[in-house]
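Observations on chain architecture
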Amino acid sequence: MTEVRTQPVTPRSIGTPVPRHDGPEKVTGRATYAVDHGAASGIHDPLQAWLVLATVARGRIRSVDAADALAHPGVVSVLDHTNAPRLADAENGELRILQDDAVGYRGQIVAVVLAETSEAAREGAALVRVSYSVEPHEAELREDNATYRPEVVNPSMPTDTEDGDVEAALAEADVVVEETYRTAYEANNPLEPHALVARWLDQPPPGEAVLTLHDSTQGVHGVVAALAPMLGLEPEQVRVLAPYVGGGFGSKGEPHSHEVAAALAARTTGGRPVRLAVTRQQMFGMTGYRTATISKFRLGARADGTLTAIEHRVLEQTSTVREFAEQTASPTRMMYAASARRTSHRLARLDVTVPSWMRAPGEMPGMFAQEMAMEDLAVACGIDPVELRVRNEPAIDPETGNPWNSRRLVECLERGAELIGWSARPAEPRATLDGDWWVGTGVASAAYPTSQMPGNSARIRSLPDGRYAVAVAAVDIGTGARTVLAQIAADALGCPLEAIELEIADSRLPPATVAGGSSGTSSWGTAVVAAAQQFCADHGSSPDPGLETTVSAADNPNQETHAMYAFGAVFAEARVHRLTGEVRVPRLVGVYSLGRVINPATARSQLLGGLTMGLGAALHEEAWRDPRTGHFVTQDLATYHVPTHADVTGFEAHWLDEEDPLANPMGARGIGEIGIVGTAAAVANATFHATGVRVREIPITADRFLD
């Protein structure tokens, strides 16, 4: 492969609201999701798998009695730790299943039932009898947990940072705010559950892989990289396809244990495929979630609100089977100017399943705490919350000292204030009563890193009639990636959008990084532009059919010399019933600085989705784990609440007209996650302005406003 640097793209298709190319397939039911794959995909006569999960939080398996299950009509086999194939590499504790008798958390896979029908598999799983030797466990995050300092936080950030003398600055401050802010456990809950079809061929025909997975994943090459060494295979012996994925929100960003279970099961069937769909209930305990967080803030400021000291100490949880450290304090390091700053992360190692990525990991809970603390400082100083943020704008990145790629946060704040009618807002809380509803408005800033991941390539091939085949292994998880990548390719090749035939989501295509971290469009799009420009340099603008160029995208040197972020401001109107405490949010207004927006239609959808998830975090979402058993009590969408249509009214997403030439050849930044950042804090701040009651943890429930 050749690595080339790219020139900016002159927009023609970019910037237009092109309808989603996959829209007709989705609304007509023709989109093929993971478990929909059948004969057309080479899936013939599949066995159905059902998982048996541990019912204890910690212990040892004494026995697995599968006799009744095997006697059930339709059940073919039962795999457990005594008869499952051995893994060649078992370093990953989350993926090391069915290898020994150890149980590390409730919900761990302890057996897999294979049957001719899904009904038989489910009934057979209910007949498997597993007995345990139970050991003491700890499954509750508390302030008095034993904790430790991880080496890094996700993905590879410093655990602790310190600049200046925080204690001295606090001692000399005119105003000191010291508060604790909490966020709840959250579950990703994509519409399509985690699912896959696995086929294992010991002696595959030419051109076929040993292991083929039709998977619901956010990154096909990531699944290959994780599973191939575990299963004793070379990467080229594993093929992963994910043409349609019904959401992920981070939970499908890396493999989970059900994918290993399906692969191991398929190895035992003599070539028959294995179809496995994780149930909604099972997902809560085994496919990732956002950890709860406890953030302790200390802010020191002059009387005019100018910050002199910032301290953010985070307590959160990880798992005994594998570490995951949420980077919750990371936005505090760069958001506002102060001469003295200190951040830290400490983890409680609990006997629970591994937490993982969830939309805007780190930034969402971290910015909630920080923007709540800024509201507390505004009250303590008697300063308008918007003005307080403007006064603490840093000229350069406080963390690195680098200049910003572009920081137009003040413009976002000013435009959002105008749209929400901030100038008419009473300064004092609990000042507006409309019938039985207290009414208030709140604000919060938002920021999310702008990044381009290494390791992306794309292939361009000329077709007859001036058309081009563009191939990159990117996965569209419902964000519109198919459409925007085609737009980018069309502009880079100087051809109509209709001339692009895009192929994605197959690990046999040029490699692409995960659909996550708001980095997908930037990373994949840069590779597409590089390949297109090299193709034109090699073959001209009117090539003969059959010519081909594959190129790897070069790293972006601006990531080392500039602080690369997207910014935004969120304004909320909250109404709190004076008798019942019910909270409603009739308006949410987000204004963002995103660089060039490639497709306004899909961008608006992403931002509105982020605002909706932020509202869910603020008012609804809370996964409850029983500390006595390690069991997630909330295991469906009846008990784990998310916003419905009636909750989402008057939402607005706006962005500044701009481009960011430092970010990538398209001049665009990521948009998938910034919409959720800051939203919960804006809602919480609005409820305080409405009622005068300060609630410093989410979700904010009605009982908080009742005497």
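This report concerns the structure included in the present document. Each chain carries its own residue numbering, running from 1 in the direction its sequence is written. Selection of residues for local features in this predicted model requires a pLDDT of at least 70, selection of side-chain atom pairs for listing and counting requires 80 or more, and totals for whole chains, interfaces and linings are taken over all residues. In computing side-chain values, all of the structure's heavy atoms are included and hydrogens and water are not.

Stacked, edge-to-face and tilted are the three classes for Phe, Tyr and Trp ring pairs, Trp counted by its six-membered ring, which pair at centre distances within 6.5 Å; planes under 30 degrees apart are stacked, over 60 edge-to-face, the rest tilted. Taken as a whole and judged by the stated rule, the model has 11 aromatic pairs. Ring geometry for Phe284 and Tyr640: centres 5.6 Å apart, planes at 70°, overall edge-to-face. Placement of Phe284 in helix α7 (residues 280-286) and of Tyr640 in the loop between β28 (631-632) and β29 (651-655) is noted, with a sequence separation of 356 residues between them. For the pair Phe284 and Tyr640, one class covers both residues: buried. Their ring planes at 45° and their centres at 6.0 Å tell us that Tyr565 and Phe567 sit as a pair that is tilted. Buried means the residue's accessible area, taken with a 1.4 Å probe over protein chains only, is under 20% of the maximum for its type, while exposed means over 50%, and partly exposed covers the values in between. Among the residues examined, Tyr565 registers a relative accessible area of 13% and is labelled buried. The exposure class of Phe567 is buried, given its relative accessible area of 0%. Each residue in the set Tyr185, Tyr289 and Phe632 is aromatic and connected to the rest through ring pairs, giving one cluster. Charge over a ring is defined by NZ of Lys or CZ of Arg lying within 6 Å of the ring centre and within 35 degrees of the ring normal. Lying across the ring of Phe688, Arg694 places its NZ or CZ 5.3 Å from the centre. Secondary structure elements are taken from DSSP: a helix is a run of H or I of four residues or more, a strand is a run of E of two residues or more, and numbering for both begins at the N terminus.

A few words now on helix α15 (residues 679-691). To estimate how far a helix should reach, multiply one less than its number of residues by 1.5 Å. With 13 residues, α15 extends 19 Å between its outermost C-alpha atoms, agreeing within 8% with the 18 Å of an ideal straight helix rising 1.5 Å per residue. Across the 13 residues that make up α15, a large majority, 13, are buried.

As defined here, a cavity is a set of points on a 1 Å grid over the protein atoms alone where a 1.4 Å probe fits but cannot get out. A pocket is an open set with protein on both sides within 12 Å along at least five of seven lines, and residues line them when an atom is within 4 Å of a point. Grid points are joined across faces, edges and corners, and a volume is the space filled by probe spheres set on the points. Taken as a whole, the second largest pocket encloses approximately 420 Å³ of empty space. Lining of the second largest pocket is provided by 19 residues; of these, Leu141, Tyr185, Ala292, Glu622 and Trp624 occupy positions nearest its centre. Its residues assigned to classes, the lining of the second largest pocket comprises 11 nonpolar, two polar and six charged. For this classification, the nonpolar set comprises Ala, Val, Leu, Ile, Met, Phe, Trp, Tyr, Cys and Pro, the charged set comprises Asp, Glu, Lys and Arg, and every other residue, Gly included, is treated as polar.

This part covers the sheet that holds strand β5 (residues 102-103). Strand pairing is defined by DSSP finding a minimum of two bridges between the two strands. Taken in spatial order, the three strands line up as β5-β3-β7 in an open sheet, and their pairing is antiparallel. Strand pairing shows two members of the sheet lacking a second neighbour, β5 and β7 (129-134), which therefore form its edges. In the sheet, strand β3 (residues 59-65) pairs with β5 via two bridges, with the strands oriented antiparallel. Bridging from a neighbouring strand, Arg60 pairs with Ala102 of β5.

A separate point is the pattern of salt bridges. Note on definitions: salt bridges are taken to be side-chain nitrogens of Lys or Arg within 4 Å of carboxyl oxygens of Asp or Glu. Scanning all chains against the criterion turns up 48 salt bridges. In this structure, Asp22 engages Lys26 in a salt bridge whose closest nitrogen and oxygen atoms are separated by 3.3 Å. Overall, the relative accessible area of 1% leaves Asp22 in the buried class. Where Arg313 meets Glu311, a salt bridge forms, and the shortest distance between an N and an O atom there is 3.7 Å.

Moving on: the packing of helix α14 (residues 600-619) against α15. Convention adopted: a line fitted to C-alpha atoms gives each axis, helices being fitted over their contacting stretch, and angles between N-to-C directions are expressed from 0 to 180 degrees. One way to put it is that α14 packs onto α15 with a least axis distance of 7 Å and a crossing angle of 50°. Here α14 lies oblique to α15, going by the angle between them. Between α14 and α15 lies a crossing whose hand is right-handed. Across the interface between the two elements, Leu611, Gly614, Leu615, Ala617, Ala618 and Leu619 from α14 touch Thr679, Ala680 and Val683 from α15. Among the residues forming the contact of α14 with α15, the class breakdown is seven nonpolar, two polar and no charged. Here the word oblique covers every angle except those under 35 degrees (roughly parallel), over 145 (roughly antiparallel) and from 65 to 115 (roughly perpendicular). Here a crossing is called left-handed whenever its near helix is offset anticlockwise from the far helix by less than a right angle, and right-handed whenever the offset is clockwise. Pairs of residues are marked as contacts when any of their non-hydrogen atoms sit within 4.5 Å.

Another aspect to go through is the pairing of strand β20 (residues 437-449). Within β20, 12 of the 13 residues are buried, leaving the element largely enclosed by the surrounding structure. Bridge analysis of strand β19 (residues 433-434) against β20 gives two bridges, and the strand direction is antiparallel. In the sheet register, Asp434 faces β20, and the bridge partner there is Trp437. Connecting the antiparallel pair β19 and β20 is a turn made up of two residues, with Gly435 showing a positive phi of about 65°. Of the pairings in the sheet, the one linking β20 to strand β25 (residues 565-577) comprises 13 bridges and is antiparallel in character. Looking at the pairing, Ser445 lines up with Ala569 of β25.

On to empty space enclosed by the protein, then. Tallied over the entire structure, the rule returns three cavities of 30 Å³ or more. Roughly 50 Å³ of internal volume is contained in the largest cavity. Forming the boundary of the largest cavity are Ala187, Asn188, Asn189, Pro190, His194, Ser251, Met283, Phe284, Thr287 and Gly288. Its residues assigned to classes, the lining of the largest cavity shows four nonpolar, six polar and no charged. Roughly 40 Å³ of volume is contained in the second largest cavity. Here the lining of the second largest cavity is composed, by residue class, of seven nonpolar, two polar and no charged.

Turning next to the side chain of Gln48. Note that Gln48 resides in strand β2 (residues 47-53). Setting aside its immediate chain neighbours within four residues, Gln48 contacts Val113, Leu114, Ala115, Glu116, Thr117, Ser118, Ala121 and Arg275.

Our next topic: the environment of Gly616. Topologically, Gly616 is positioned in helix α14. Taking the relative accessible area as the measure of exposure, Gly616 reaches 0% and is therefore buried. Gly616 sits 374 residues away from Ala242 along the chain, and the two C-alpha atoms are 28 Å apart. Ignoring any residue separated from it by four or fewer positions in sequence, one finds Gly616 in contact with Glu621 and Pro643.

Right, let's talk about the pairing of β3 for a bit. Bridge analysis of β3 against β7 gives six bridges, and the strand direction is antiparallel. Following the sheet pairing, Val64 is matched in β7 by Val130.

The subject of this paragraph is the sheet that holds strand β17 (residues 307-319). The strand order β10-β18-β17-β16-β11 describes an open sheet built from five strands, whose pairing is mixed. The open sheet has two free edges, formed respectively by β10 (161-163) and β11 (175-183), since each of these has just one partner strand. Recorded for the sheet is a direction-independent mean angle of 10° between the axes of neighbouring strands. Where strand β16 (residues 293-301) meets β17, nine bridges bridge the pair, whose relative direction is antiparallel. Counted as the bridge partner of Arg298 is Glu311 from β17. Strand contacts of helix α8 (residues 363-381): β11, β16 and β17, with the helix running at about 145° to β11, the strand carrying the most contacts.

Any functional reading would require information that these geometric values do not contain.
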